[in-house]
Every structure is written in C-alpha cells, then in structure tokens.
Amino acid sequence: MTEDKAPRKHEDIQERVSKGLLMVHTGNGKGKTTAGFGMVYRCLGRGYKVAIVQFMKGKWITGEVKALERFKDQVDHYALGDGFTWQTQNLEQDKATARKAWEQCLTLIRAKKHKFLFFDELNYVLKYEFLQVSEVIKGLKEKDPQTHILMTGRDAAPEIIELADLVTEMREVKHPYNTQRIKAQPGIDY
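Quick caveat, the model's predicted, so the values are computed rather than measured. (Residues numbered from 1 in each chain as written. Predicted model: local features only at pLDDT ≥ 70, side-chain atom pairs only at ≥ 80, totals over all residues. Heavy atoms only, no water.)

**Here's the deal with the side chain of Thr-97**
Here is step 1: Within the secondary structure, Thr-97 is located in helix α4 (residues 91-111).
Here is step 2: A relative accessible area of 12% places Thr-97 in the buried class. (Helix = DSSP H or I, 4+ residues; strand = E, 2+ residues; numbered from the N terminus. Buried < 20%, exposed > 50% of the residue type's maximum accessible area, 1.4 Å probe, protein only.)

**Concerning the sheet that holds strand β5 (residues 148-152)**
Here is step 1: An order of β3-β2-β4-β5-β1-β6 is seen for the six strands of this open sheet, with the pairing classed as parallel. The two strands at the open ends of the sheet, each matched to only one other strand, are β3 (75-79) and β6 (166-169). In this sheet, adjacent strand axes meet at a mean angle of 10° when their direction is disregarded. (Pairing = 2+ DSSP bridges. Axes fitted to C-alpha atoms, helices over the stretch in contact; angles between N-to-C directions.)

**Description of the nonpolar core**
Here is step 1: Core analysis: the largest hydrophobic core is formed by 32 residues, its most contacted members being Phe-55, Trp-102, Phe-119, Leu-122, Leu-131, Leu-140 and Ile-160.
Here is step 2: If you list the elements that add at least two residues to this core, you get β1 (22-26), β2 (50-54), α4, β4 (116-120), α5 (122-127), α6 (133-140) and β5.
Here is step 3: Counting residues per element, this core draws most heavily on α4, which supplies seven residues.
Here is step 4: If near-sequence neighbours (up to four positions away) are discounted, Phe-119 is found in contact with Val-53, Phe-55, Trp-102, Cys-105, Ile-109, Leu-140, Ile-149, Leu-150, Met-151 and Thr-152.
Here is step 5: Residues Met-23, Val-40, Val-75 and Leu-150 belong to the second largest nonpolar core, which totals twelve residues. (Core = buried A, V, L, I, M, F, W, Y, C linked by side-chain atoms within 4.5 Å. Contact = heavy atoms within 4.5 Å.)

**Considering the pattern of salt bridges**
Here is step 1: Tallying each qualifying case throughout the model produces six salt bridges.
Here is step 2: A salt bridge links Lys-19 to Asp-165; its shortest N-O distance comes to 2.6 Å. Remark: Asp-165 occurs in the loop between α7 (158-163) and β6 and Lys-19 occurs in the segment before β1; sequence separation between them is 146 residues.
Here is step 3: A relative accessible area of 38% means that Lys-19 is categorised as partly exposed.
Here is step 4: Look at Asp-165 and you get partly exposed, because its relative accessible area is 40%.
Here is step 5: Residues Lys-127 and Asp-155 are paired through a salt bridge, measuring 2.9 Å at the closest nitrogen-oxygen approach. In this pair, Lys-127 sits in helix α5 while Asp-155 sits in the loop between β5 and α7, placing the two residues 28 residues apart along the sequence.
Here is step 6: Residue Lys-127 is classed as partly exposed on the basis of its relative accessible area, which comes to 41%. (Salt bridge = Lys/Arg side-chain N within 4 Å of Asp/Glu carboxyl O.)

**Here's the deal with the pairing of β2**
Here is step 1: In terms of residue burial, β2 counts as a mostly covered element, since five of its five residues are buried.
Here is step 2: Neither face of β2 is left uncovered, since the one carrying Val-50, Ile-52 and Gln-54 and the one carrying Ala-51 and Val-53 both have all their residues buried.
Here is step 3: Two strands pair when backbone bridges link them, and β2 and β3 are joined in this way by five bridges, in the parallel orientation. By the bridge assignment, Val-53 is partnered in β3 with Tyr-78.
Here is step 4: Pairing analysis gives five bridges linking β2 to β4, with the strands arranged parallel.

In structure tokens, the structure reads:
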C-alpha cells in the first residue's frame, strides 16, 4: 500500500443493501441491448427467472434470442415490435404496438414472478410519445422491491433518469457503418 492513499476503513463502507434496481442504458452509441442481454445471461446463470419485452425489434432471428432457447424454463420473451418506426410509417399502428408491449410489461411487473425484467427500447417509444412518461413511471413504481428492471434506448427522458438507480450512457466514438459502410453482422450486431 502506498502512503499517499489512505486505507479504506470498514466503517466507511455501508452495509450491503439488497434492492431491485431500476436501470437505464441510453445514449447514441451501440451496445445498449447487447449489454442488457449480458445482464439477462448473468441472471439466468444465477438461476433467476427473467422476462424480456422488445418494443421495436420485430420478429428478427437474433443470436441472443436463439441462445435463450437453452433457458426456456427460466425466461419469458416477448418480441412485440413491428420494426423501427421509420420502416412502418404508420403512427397509429406504432402507438397501438407500443401500448400492447407496455401492457405486457405491466402484466409482468404485477405478476411479481421474475427477478429481472428487460424492457428493450422502451426509451424510444417514450421519446416518440407513443406512451406518456408519467404513465410509465407510475407502472415502474409498482415493481416488487427485489425486482430489477432495465430499460434501453436512446434519449431517455429526464424523469426516467431521475427515477433510475443506475444510468449508463453509451457514446459512439467510431462505428464501422459510418466510417466504412459495413452493414450489421451476425454475431456482432444481431
């Protein structure tokens, strides 16, 4: 130990608190959903029940969803999106799809069966005002005190950031599509 650093005193460390966290992955960088699935697999490895609701990604066959097949008894997965909004160009349909996905989230929150709930790209539907932030906050507050919830998507609402226990902002530094026009690749992007 060097002399310029004081030793960490035991009394400075708070007692370990067990609490379900509200977490947010936001920002313009790649990896929000990928990091979320990392948490999913960590929870599955601990034997926890997990539920995933994907708001915008449609019925794509992704590597992470294929891997979930190995944990059928521990995971409930709902891919309820119609694709990204710039693909559908139907505002009423997008709002109805977001409403259906949020109703599924509320069902999962109220059932209190899962240790980890992953609401992928919920921040986008709030940004586009397909759902109201106040309504989502009200629903999030119904969670069991020991349940973790992760929300992903760019441009998280300030009210969501304020409510959250943990917020990570992913920032793009360099992306192969922008620099070399390399499209999404299996195993890396999906």
